Amino acid sequence: MNICKTALRVIVRHPGVVVNALVIGLMGVFVMSSFTSSVAEDLSRPRPKTAVIDHDNSVLSRALAGFLEERGEPVRTGQTKRDLQDAAAKNEAAYILVIPAGFERDFAAGVRADAETPLLETVVSLAAAQGRYMEQLTSGYLRAVRAGLIADPDAGMRSLTDQADRVAGLEVQRGVVPKAGQVVSTTTFRYYMRWAGYPLTVGVIALSGYLFRAFGTGEVRRRNLAAPVSGTRLAGQIGLAVAVVAVGIWAWNLALGFAPTTGGVDALDGDPGGFAVAALALLLFAAVPLAVGFLAAQTGMGMAGITALANILGLVFAFLGGGFMDDSFSLSPGVQAFAQFIPSSWHSRAIDGVFGSIDVAAGSWGAVAAALGVELLFAAVIAAAGLLVGRLRLQTADAGGNYADDSE
């Protein structure tokens, strides 16, 4: 155990890296205060910014436009393709509907002929959840008009739209009846656990990379090669020290989850089983940056390079994994496809599978297990690459230690 203790003392004597790992974790406490709303369920009707461009100016198009503007916040945009793209990119409107000329005529003809009805052109901004909500309202309204036209093919469009307005105006009373003594919302803690992958990535890569490098270069490496200690024992002791460091960073970030703004207390009270699985998911995710730190050290990268790599990969993982976004934002399809090859996206899937999200139901344990398995597979592949790189370096002139490399 002397080697393990020595390795831990090496970490303690590098306070800059330790403080960096701890301070980034503290950021989550402040980020979550503005990143999420209150954990109380908000049952008020959302009013997304909505723009309707009517090229038909018919009874149906005007009724549909009025229906949408009544349930959203009406905004005005330009009508060119560039204007629509700019409005979506700048988030000036969450939902833009373009009604083509002749829409009412083609719609009625399609319904009476039992054929396809004309399609509407829509533009959805980065606030994808709000855009989908307005799109569902549009589809529901047109289905009501279609049902009325099928029931009475000779009915006038005015009467059909009036009937659709009455149907759309029907509402049920909404409310929440929580279990006694139990807070059921875990939304804030779910966001925090997704975000916690960022400080975990930065801290574990930097500290593990520094530790692997400290024992693998310069005079320390030469002494280890000459010491009467087997390579297996040496590697095991260093691996144990690195594991202790990774678990320590995990425990620190998990403890911060109990801060008032991060929702850990609510999650533990409302869903203790889910809390435990989420904690396990975060711990298993630590294997990925641990493997990255090992690979970086095996390549001979200096401490400055390892620290830079930790910060860059931390940001990339957090962005592509959804750690900086809530459910109202969505990446483009191309970026989503690329994110499949980023381990942090699977970490977010695991957390969403525990607590639920728009796309994943709560308690989807099969999805959680699959995501965790993919994370461990990423870690295994990266660690194998580190072993290969280390083996190749042993076959170079540095096999017995490079006297020119005595850097810390």
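Look up: the structure comes first, before these words.
Residues numbered from 1 in each chain as written. Predicted model: local features only at pLDDT ≥ 70, side-chain atom pairs only at ≥ 80, totals over all residues. Heavy atoms only, no water.

A. Looking closely at the pattern of salt bridges. Enumeration over the complete set of coordinates arrives at five salt bridges. Among the ionic pairs, Asp106 bridges to Arg105, the shortest N-O distance being 3.5 Å. For Arg194, the salt bridge goes to Asp352, with nearest N and O atoms at 3.2 Å. In this pair, Arg194 sits in helix H8 (residues 187–195) while Asp352 sits in helix H17 (residues 343–355), placing the two residues 158 residues apart along the sequence. Using a relative accessible area of 9% as the deciding quantity, one classes Arg194 as buried. Judged by its relative accessible area of 11%, Asp352 is buried. Members of the salt-bridge network, linked through shared partners, are Arg190, Arg194 and Asp352. (Salt bridge = Lys/Arg side-chain N within 4 Å of Asp/Glu carboxyl O. Helix = DSSP H or I, 4+ residues; strand = E, 2+ residues; numbered from the N terminus. Buried < 20%, exposed > 50% of the residue type's maximum accessible area, 1.4 Å probe, protein only.)

B. Inspection of the side chain of Ser348 at higher detail. Topologically, Ser348 is positioned in helix H17. Take Ser348: its relative accessible area is 5%, and that puts it in the buried class.

C. Representation of the packing of aromatic side chains in the model. Per the counting criterion, the structure on display carries eight aromatic pairs. Plain terms: the ring middles of Phe212 and Phe294 are 5.1 Å apart, the flat faces sit at 70° to each other, and that makes the pair edge-to-face. A residue pair is termed long-range when its members are at least 10 positions apart, and Phe212 in helix H9 (residues 197–214) and Phe294 in helix H14 (residues 287–298) qualify at 82 residues. Residues Phe212 and Phe294 agree in their burial class; the two are buried. Aromatic rings pair up to connect Phe189, Tyr192, Phe258, Phe275 and Phe355 into one cluster. The ring centre of Trp346 lies 4.2 Å from the NZ or CZ of Arg349, which sits over that ring. (Phe/Tyr/Trp six-rings, centres within 6.5 Å; stacked < 30°, edge-to-face > 60°. Lys NZ or Arg CZ within 6 Å of the ring centre and 35° of its normal.)

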